[in-house]
Amino acid sequence: MDYIPADMKRLQERVILVTGALEGIGRAVAFACAAQGATVVLSSFKEADLEPVYDAIVAHGDPEPAILPLDLEKATEADFIAAANLLGETFVRLDGLAHCAAFAPYLSRIDDYDSNEWERVIRINLTAPFLLTQACLPLLRASKDAAIVFTSDRVGRTGKAYWGAYAAAKFGIEGLMQVLAAETRDSSQIRVNSLDPGLVRTALRATLYPGEDPGIHPAPETVANRYIQLLGSESRGITGQACHAQDARPTRSPEH
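Just so you know, these numbers come straight off a predicted model, no measurement behind them. (Residues numbered from 1 in each chain as written. Predicted model: local features only at pLDDT ≥ 70, side-chain atom pairs only at ≥ 80, totals over all residues. Heavy atoms only, no water.)

A. The pairing of strand E2 (residues 39-43), seen in detail. Here E2 lies mainly inside the structure; 5 of its 5 residues are buried. Both faces of E2 are covered, namely the face carrying Thr39, Val41 and Ser43 and the face carrying Val40 and Leu42. Of the strand pairs in this sheet, strand E1 (residues 15-19) and E2 are connected by 5 bridges, and their pairing is parallel. Within E2, the position partnered with Ile16 by the bridge is Val40. The parallel pair E1 and E2 is bridged by helix H1 (residues 24-35), and the resulting crossover is right-handed. Relative to strand E3 (residues 66-67), E2 runs parallel, the two sharing 2 bridges. Residue Leu42 lies in a different strand from E3, and its bridge partner there is Ile67. Viewed along the sheet, the connection from E2 through helix H2 (residues 47-59) into E3 turns out right-handed. (Buried < 20%, exposed > 50% of the residue type's maximum accessible area, 1.4 Å probe, protein only. Helix = DSSP H or I, 4+ residues; strand = E, 2+ residues; numbered from the N terminus. Pairing = 2+ DSSP bridges. Right-handed = clockwise from strand over helix to strand, strands pointing away.)

B. Up close: empty space enclosed by the protein. With the rule as written, the count across this model stands at 2 cavities of 30 Å³ or more. In this structure, the largest cavity encloses a volume near 50 Å³. Mapped onto the lining of the largest cavity, the elements with two or more residues apiece are helix H4 (115-141), strand E5 (146-151) and helix H5 (164-184). Sorting elements by how many residues they give to the lining of the largest cavity places H4 first, with 3 residues. Looking at side-chain class alone, the lining of the largest cavity contains 5 nonpolar, 3 polar and 1 charged residues. Every residue along the wall of the second largest cavity is listed here: Thr19, Leu72, His99, Cys100, Ala101, Ile124 and Pro129. A class-by-class count of the residues in the lining of the second largest cavity yields 5 nonpolar, 2 polar and no charged. (1 Å grid on protein atoms, 1.4 Å probe; cavity = no way out; pocket = protein on both sides within 12 Å on 5 of 7 lines; lining within 4 Å. Points joined across faces, edges and corners; volume = space filled by probe spheres on them. Nonpolar A, V, L, I, M, F, W, Y, C, P; charged D, E, K, R; others polar.)

Dropping the structure here:
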């Protein structure tokens, strides 16, 4: 991570919550946000797991982050509300929410998809982002310039065989993004977009394609800048769009 002068940092003095900050895209986005001056709230399953990420950000001289452990599979509505209340007590507002956590156990035909795994995948990839976003909306409305970025996927825009619940959840994320963007467009300063990072070298990709050479895909750090663009002031006026990280190509969502 290169040193960036304070007056050139694109997220200076912003408070950004990043889910899935333990590894992969979430970790890369957390580091990038911190390097751009944001106070990053790191979220993943366990506090202890996030301590190395916390230490690395502090060691780099970036704003001290915070840790918000959340088990997206098991957390209740009350847990998400409690987490948002804690953020409110600590920071008063939230300037950005980057949903980077993702989970898919395997690729499978619909014929064979286990119903319990289906519900688990939908819970982590769709229901939990909805509940967390809903709980954080008052904090986002307290910001003068807030942004929500839902991490999407190509299989959530064009269905592909064997992606099962993960694809269904990502299609749901696109719908959630469009609805929330429409609801907030004229009533708040919140902008809401989705971002397909493309094929990236992550643990999730390795789990689903164990025989694939991971080196053929770019590192998560290569897509972090697109998240920075959508979280920062340069994306003002952009809302309700399905964006692509690797070619920076936006696709405007339908307006009704």
